[in-house]
Amino acid sequence: VQLQASGGGLVQPGGSLRLSCAARGSIFGINVMDWHRQAPGKERELVARVIGFPDGDSTIYAESVKGRFTISRDNKNTVHLQMNSLKPEDTAVHYCAARYRATGKYDYWGQGTQVTVSS
């Protein structure tokens, strides 16, 4: 299974971006799909999580993005992160990740996609 992340770019403060993470290969049984991010000089952090296969009916968000970001799962193989009201502090490399178990290490990571929020 490979995770392919896309949708990053440069946007002005207050703008929006939509990230996508497409899974290539069977992800039957994947229970958790996340977006993480890592800013320069900082540790990687969880941004948003969608839980449940195949419908992803439960979500979790970092406090810093609540009300601005929305994670969703469609077609069972793709997870999106809609990011609105972007702030300069959202600037980071964003990664998607997936695992079969509810907790523990991740089974798959995607390559990062850069999000830059700047005027």
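Scope of this entry: the structure provided in the associated data block. Model, not experiment: these values are computed from the prediction.

So, about the sheet that holds strand β8 (residues 78–83). Taking strand neighbours across the sheet as the criterion, the four strands line up as β1-β3-β8-β7 in an open arrangement whose pairing is antiparallel. Where the open sheet ends on each side, the last strands, each with one partner, are β1 (2–6) and β7 (69–74). On average, each strand axis in the sheet is inclined to that of its neighbour by 15 degrees, with strand direction left out of account.

A few words now on the nonpolar core. One finds L3, M33, W35, L81 and M83 to be the most contacted residues of the largest nonpolar core, which totals 27 residues. At the level of secondary structure, the elements contributing two or more residues to this core comprise β1, β3 (17–24), β4 (32–38), β5 (45–51), β7, β8, β9 (92–99) and β11 (113–117). Ranked by the residues each element gives to this core, the list is headed by β3, at four residues. Excluding residues that lie within four positions of it along the chain, L3 makes contacts with C21, A22, A23, M33, C96, A97, A98, Y108, W109, G110 and Q111.

On to the pairing of β5, then. The side chains of a regular strand alternate between both faces of the sheet. Where β4 and β5 come together, six bridges link them in antiparallel fashion. Each bridged residue has a counterpart across the sheet, and for R37 the counterpart in β5 is E45. The turn joining β4 and β5, which pair antiparallel and follow one another in sequence, is formed by six residues; a positive phi near 75 degrees is taken by G41. As judged from the four bridges shared by β5 and strand β6 (residues 58–61), these two strands associate in the antiparallel manner.

What follows concerns the side chain of R73. Inspection of the secondary structure puts R73 in strand β7. For R73, a relative accessible area of 10% gives the class buried. A distance of 3.4 Å separates a polar atom in the side chain of R73 from the backbone oxygen of I30. A polar contact is formed between the side chain of R73 and the backbone oxygen of G52, at a distance of 3.1 Å. If sequence neighbours within four positions are ignored, R73 has contacts with I27, I30, N31, M33, V50, G52, F53, P54, G56, T78 and V79.

Reading the values: rules and limits
Residues numbered from 1 in each chain as written. Predicted model: local features only at pLDDT ≥ 70, side-chain atom pairs only at ≥ 80, totals over all residues. Heavy atoms only, no water. Pairing = 2+ DSSP bridges. Helix = DSSP H or I, 4+ residues; strand = E, 2+ residues; numbered from the N terminus. Axes fitted to C-alpha atoms, helices over the stretch in contact; angles between N-to-C directions. Core = buried A, V, L, I, M, F, W, Y, C linked by side-chain atoms within 4.5 Å. Buried < 20%, exposed > 50% of the residue type's maximum accessible area, 1.4 Å probe, protein only. Contact = heavy atoms within 4.5 Å. Polar contact = N/O pair within 3.5 Å; in protein donor to acceptor, adjacent residues only side chain to side chain.

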